[in-house]
Amino acid sequence: MIEANNIYKSFGNLQVLKGVDIKIDKGEIVCIMGASGAGKSTLLQILGTLEKAEKGKLIIDNQEVSKLNQNELAAFRNKNIGFVFQFHHLLPEFTALENICIPALIAGTKQADAHDKAIELLDYMNLKDRKDHKPSMLSGGEQQRIAVARALINNPSVILADEPSGNLDSNNAKELHQMFFNLRDKLGQTFVIVTHNPQLAEMADRTLIMKDGILV
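The text that follows walks through the structure, step by step, so that each part is easy to find. Quick caveat, the model's predicted, so the values are computed rather than measured.

Definitions and cut-offs
- Residues numbered from 1 in each chain as written.
- Predicted model: local features only at pLDDT ≥ 70, side-chain atom pairs only at ≥ 80, totals over all residues.
- Heavy atoms only, no water.
- 1 Å grid on protein atoms, 1.4 Å probe; cavity = no way out; pocket = protein on both sides within 12 Å on 5 of 7 lines; lining within 4 Å.
- Points joined across faces, edges and corners; volume = space filled by probe spheres on them.
- Helix = DSSP H or I, 4+ residues; strand = E, 2+ residues; numbered from the N terminus.
- Core = buried A, V, L, I, M, F, W, Y, C linked by side-chain atoms within 4.5 Å.
- Buried < 20%, exposed > 50% of the residue type's maximum accessible area, 1.4 Å probe, protein only.
- Contact = heavy atoms within 4.5 Å.
- Pairing = 2+ DSSP bridges.
- Patch = residues over 30% accessible without salt bridge, like charges linked within 9 Å, V, L, I, M, F, W, Y side chains within 5 Å.
- Areas by Shrake-Rupley, 256 points an atom, 1.4 Å probe, with all protein chains shown as cover.
- Salt bridge = Lys/Arg side-chain N within 4 Å of Asp/Glu carboxyl O.
- Polar contact = N/O pair within 3.5 Å; in protein donor to acceptor, adjacent residues only side chain to side chain.
- Phe/Tyr/Trp six-rings, centres within 6.5 Å; stacked < 30°, edge-to-face > 60°.

1. Remarks on the layout of surface pockets
A water-sized probe, rolled over the atoms, reveals where empty space remains.
And step 1. Here the largest pocket defines a volume of roughly 420 Å³.
And step 2. Every residue lining the largest pocket is counted, 20 residues in all, and those nearest its centre are Asn78, Ile81, Phe83, Pro103 and Arg150.
And step 3. Secondary-structure elements contributing two or more residues to the lining of the largest pocket are helix 2 (70–80), strand 6 (81–85), helix 3 (96–106) and helix 5 (140–152).

This is how it looks when you write it as structure tokens:
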């Protein structure tokens, strides 16, 4: 599903990634761990096409994305990649339902179809009764589940998560982690998760350790 070869990335004089190679199979849940500053989030942003590598090749679902221009990349990202961050980034002026629908509407899905899919996801997350609530009326765990639903609305091949349970208490974190595995089993998605959480890393199919800009 994902193959990255010889990925390099610098910010100014600071070389963050130093020739990273990674292969991730379809339906696999892979955790990336390592100290702060090791390059984990930068690698995730490159795998998600949010950042461009200075050097190296990136193939996602048989598409060499490193050759796409900005417009092609944006369209590919919207359709094929879902993102879950530590901070949910829900838009405060929109309801839970509207927040989930946004990526589908950007992709050109009809509003009624996006609405139906969002309701289906809310039902799966046991949050149907919260559909008209704005983020400020939701708990931290509920907000993060809404963010996961938003990541899933376009049926992406890949979900990339950066410290997804970093702001949750242990119970909500445990529920969120289990949800990732349930989603993989039900929908066949591939997950790449940057985390400091040892319980999540133990559950994963593989855990990769990053140190000083390379996977060790």
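2. As for the nonpolar core
And step 1. Judged by nonpolar contacts, the single largest core of 37 residues is most densely connected at Ile100, Ile146, Val148 and Ile193.
And step 2. Residue assignment for this core shows that the elements contributing at least two residues are strand 3 (29–33), helix 3, helix 4 (111–124), helix 5, strand 7 (158–162), helix 6 (170–187) and strand 8 (190–194).
And step 3. Each residue touching Ile146, except ones within four places of it in the same chain, is listed here: Leu90, Ala96, Asn99, Ile100, Leu122, Leu127 and Leu138.
And step 4. Counting residues in each nonpolar core, the second largest holds 30 residues, with Ile22, Val158, Val192 and Met210 among its members.

3. Overview of the pairing of strand 4 (residues 55–60)
And step 1. Relative to strand 4, strand 1 (residues 2–11) is paired through 5 bridges, and the arrangement is antiparallel. Along strand 4, the bridge assignment pairs Ile2 with Ile60.
And step 2. Where strand 4 folds back onto strand 5 (residues 63–64) in an antiparallel hairpin, the turn is made up of 2 residues, including Asp61, whose phi is positive at roughly 50°.

4. Brief notes about the sheet that holds strand 4
Pairing between the strands of a sheet is mediated by backbone hydrogen bonds and can be parallel or antiparallel.
And step 1. As summarised here, the arrangement of the 4 strands in space is 2-1-4-5, forming an open sheet in which the pairing is antiparallel. The sheet is open, and its two borders are formed by strand 2 (14–24) and strand 5, each paired with just one other strand.
And step 2. In the sheet, strand 4 pairs with strand 5 via 2 bridges, with the strands oriented antiparallel. Among the inter-strand pairings, Ile59 is bridged to a residue of strand 5, identified as Glu64.

5. Structural notes on a nonpolar patch on the surface
And step 1. On the surface, Ile209, Ile214 and Val216 cluster together into a nonpolar patch covering about 250 Å² of accessible area.
And step 2. Secondary-structure assignment places Ile209 in strand 9 (residues 206–211).

6. Section: the side chain of Thr190
And step 1. Tracing the backbone shows Thr190 in strand 8.
And step 2. Of note is the side chain of Thr190, whose polar atom sits 2.9 Å from the backbone nitrogen of Gly27.
And step 3. Sequence-distant contacts of Thr190, defined by excluding residues within four places in its chain, comprise Met1, Ile24, Asp25, Lys26, Gly27, Glu28, Ser157, Val158 and Ile159.

7. Structural notes on the packing of aromatic side chains
And step 1. Tallied over the full model, the rule gives 1 aromatic pair.
And step 2. Here the aromatic rings of Phe180 and Phe191 are separated by 5.2 Å at their centres, their planes lie at 40°, and the arrangement is tilted. Taken together, the positions of Phe180 in helix 6 and Phe191 in strand 8 put the pair 11 residues apart, joining distant regions of the chain. Both residues of the pair, Phe180 and Phe191, count as buried.

8. As for the environment of Asp21
And step 1. Within the element layout of this structure, Asp21 appears in strand 2.
And step 2. The spacing of Asp21 and Ile214 is 193 residues in sequence and 8.2 Å in space, taken between C-alpha atoms.
And step 3. Beyond its immediate stretch of four places on either side in the chain, Asp21 contacts Ala4, Asn5, Asn6 and Leu215.
And step 4. There is a polar contact of 2.7 Å between the side chain of Asp21 and the backbone nitrogen of Asn6.

9. With respect to the side chain of Glu28
And step 1. The residue Glu28 is located in the loop between strand 2 and strand 3 in this model.
And step 2. A relative accessible area of 11% places Glu28 in the buried class.

All we've got here are geometric facts, nothing functional implied.
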